[in-house]
Structures are given as C-alpha cells and as structure tokens.
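In case you want the letters, here they are:
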Amino acid sequence: MNAPTGDNNYEVVVIGGGAAGLSAALILGRSRRRVLVVDAGAPRNAPSAHMQGYLSRDGMSPAEFLAAGRRELVPYGVEVRTGEVTAAEPDGDGFALALADGTALTARRLVVATGLVDELPRVEGLAARWGRDVLHCPYCHGWEVRDRPAGVLAHPAMPAHQALMVSQWSSDVTLFLDGTALAEGDARLLAAAGVRTVADPVAGIAVEDDRLTGVRLADGRTAGCEVVFAAATRLVARDGVLRGLGAELYETPLGSFVKTDGTGLTSVPGVWAAGNVTGPNEQVVHAAAAGYRAGTAINAELLMDDLTARADAAEGRTG
Ligand SMILES: Cc1cc2nc3c(=O)[nH]c(=O)nc-3n(C[C@H](O)[C@H](O)[C@H](O)COP(=O)(O)OP(=O)(O)OC[C@H]3O[C@@H](n4cnc5c(N)ncnc54)[C@H](O)[C@@H]3O)c2cc1C
C-alpha cells in the first residue's frame, strides 16, 4: 500500500456514500470529527425514479435524497470524494486504505457502508425493466402497483414468501416457480391468498410499447401481468473491504452479510458497518438510522480513547 501524501489522514473514513454512509458522516461531522466519505456513486436504488417509505421523504427521487444529504455535510466540513476503496488494512492504531486511483489514506476508525448488488436471475429482458416494472420489494413499490396483475419469480430458498406478501397489494398474483419446488405448507397458504402457480420454465419478459405485458414461458406461451417482483434475485453484499480485514460474516437464505453488534461494530475493532452490507432488509430509513448509530459509537470511542490517553499522560503513565 502507498503511504498517504498531503493531508490524507482522517479521524474517520466512511466507505460508501448512500443513506448509511452519509448519515454516519453527518453525525460525525457535527461531532467535529475530521471525516472523509469515499463514494463510488452506485447506490442500490438508483434505477428507481422514486424512493418510498422514508417518513417525510416518501416519493422523493433517490438522487435528490442523496444530493440533499451531501449538501447537509458541507457546513460541518465533511469531505466527499468520488472513488473506490479497494483495500484497508490495520496500521498502528488505525487503518491504511488504498483507493482504485492509487490514493493512500489513513483513518483511526472506518465505517463500511458499501451496500449490496442485486444479481438478477438470468431471464431475458428482466434487467432492462429493473426498478421500473420489475421490482424487488412490495414495501418499496407495492402501493404504486396495487391491484395490478403481478408476477413473482420464486426464490429457491423461500419460494412462496414474496408471492404471499404481494397478495396484500394485489388479488391477481401469479407465482412463477421456474423449476423450484414449493416448501411444505406453501400450497395451502398460496391457495388461501388466491395466488396462482406456474411450474413451467420461464424464458423471458414480454414487453410492448415500453410496458411489461407478461412473463414468457419456454413453451412459447405468455402469462399476462403488468409488473414482476424478481424475488429470485441474489443479494451480493459489497463486502470486499470487510473480507480483506477478516470481518466475520453470517449467512441468510438471501446471501451473506457482515456481522455487527447493536452499534454496527463488526468483529474487527475499529471497523463499523451500516446499511445493506449488514443485512438484506435494510431499507433507506434503516440504513440512515444505522449510520447515525455507528457515527455516535465511533465518536464516543474516539473521545474515551483520547481522554484516557490524556489522563494517562497527565499521570505520567505511558500506553
Ligand atoms: C430498484 C430498487 C428500489 C428501491 N426502492 C426503495 C425504496 O423505495 N425505499 C427504500 O427504503 N428502499 C428502497 N430500496 C432499497 C435501498 O436501495 C437500500 O435500502 C439502500 O440503498 C441502502 O443504503 P446503503 O447506504 O446501505 O447502500 P447504497 O445506497 O447502495 O450505497 C452504497 C454506496 O457505496 C458505494 N460503494 C460500494 N463499494 C464501495 C467502495 N469499495 N468504495 C467506495 N464506495 C463504494 C456505492 O457505489 C454506493 O454509492 C430499493 C432497492 C432497489 C434495488
């Protein structure tokens, strides 16, 4: 790793500038910490025109939300750089970081708020509609597509779950199993919810006049619907920096995530994580809250470390 040049030494480096990272940076900046946010600029919900379910911001555009978040950092002197942190390693009492452009940084504490990537199932035409009429979560988009005919692509580990959830928003739901077997007890709940199942292999998404019109099956038929919930998506945490530091992970049926305590502290002392890199159900409001929690925990730890060192020095003790 290169040595930092100039003033590239920070109290806290926040890796990732989505809701989690910006929120951590805001409270750390307000705590008079020297903070840098490094952000690669690919927030998970960027494909959606609107962000739902964030109290007081329901319906705002994701881009405007993050732009407002960045503006709020300015008065507190928080720096934001576009870039990608490729590695971090312990360095004295803190960490040395490498950016993809060769920049070297140091930080006493880290917040990793790098989010996750949605790996869509390989269904022709799906990716092009992602965030429009191919959706991931009924809490985020169910209201907007309520009462419309909906298809759900089954997740292998939880085949019926998403279709059962979507039945809260629409009475016209078709679950596409595409080779996945239902789990025990699923059939009776699907019947109670009025959800149809289609077992045949899925070939692609049917689109007419820039509107989703159905799910194409391998035998040439098309099952009509106006929106598709892609429950079969694999969630891949952007955890390269955390893995490199040896942080402990945990497995879920939807993917693996970094283990944290109630403040967001990972198994690596000095490294906090917040947002979607810590779990699959972290919506924007959760991510923002988790960033705040991590920020306050870091500020308290830095303060106590510094005061202890000062008290030791005053008493003539060395650390
Ligand atoms: C299509 C879609 C629509 C959604 N709609 C909603 C909604 O309406 N309401 C809602 O609450 N939730 C919604 N979500 C979920 C929402 O996207 C997440 O809850 C939210 O993005 C999590 O915030 P985060 O800060 O953890 O991660 P992100 O917002 O993904 O931000 C992570 C940031 O870190 C950056 N990054 C990653 N790795 C590095 C690195 N090594 N170095 C530097 N930067 C890095 C990324 O480029 C990105 O900018 C939606 C998700 C999808 C897929």
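The rules behind the values
- Residues numbered from 1 in each chain as written.
- Predicted model: local features only at pLDDT ≥ 70, side-chain atom pairs only at ≥ 80, totals over all residues.
- Heavy atoms only, no water.
- Domains from an automatic or database assignment.
- Contact = heavy atoms within 4.5 Å.
- Buried area = accessible area lost by both parts, 1.4 Å probe.
- Polar contact = N/O pair within 3.5 Å; in protein donor to acceptor, adjacent residues only side chain to side chain.
- Nonpolar A, V, L, I, M, F, W, Y, C, P; charged D, E, K, R; others polar.
- Pairing = 2+ DSSP bridges.
- Helix = DSSP H or I, 4+ residues; strand = E, 2+ residues; numbered from the N terminus.
- Axes fitted to C-alpha atoms, helices over the stretch in contact; angles between N-to-C directions.

## Re the domain arrangement of the chain
In step 1: One can read the domain layout of the chain as domain 1 (9–117 + 235–318) and domain 2 (121–230).
In step 2: Just the C-alpha atoms count here: the centres of domain 1 and domain 2 sit 35 Å apart.
In step 3: At the interface, 8 residues of domain 1 touch 11 residues of domain 2.
In step 4: Summed over both partners, the interface of domain 1 with domain 2 buries about 750 Å², with 55% contributed by carbon and sulfur atoms.
In step 5: In this assembly, domain 1 and domain 2 are joined by 0 residue pairs in polar contact (both at pLDDT 80 or more).
In step 6: Partitioning the side of domain 1 that touches domain 2 into residue classes produces 3 nonpolar, 4 polar and 1 charged.

## Here we look at the sheet that holds strand β14 (residues 222–224)
In step 1: Spatially, the 3 strands line up as an open sheet ordered β12-β13-β14, and their pairing is antiparallel. The sheet terminates laterally at β12 (202–208) and β14, the two strands that pair on one side only. Each adjacent strand pair in this sheet contributes to an overall mean axis angle of 35°, direction not counted.
In step 2: Here β12 runs beside strand β13 (residues 211–217); their pairing, made up of 6 bridges, is antiparallel.

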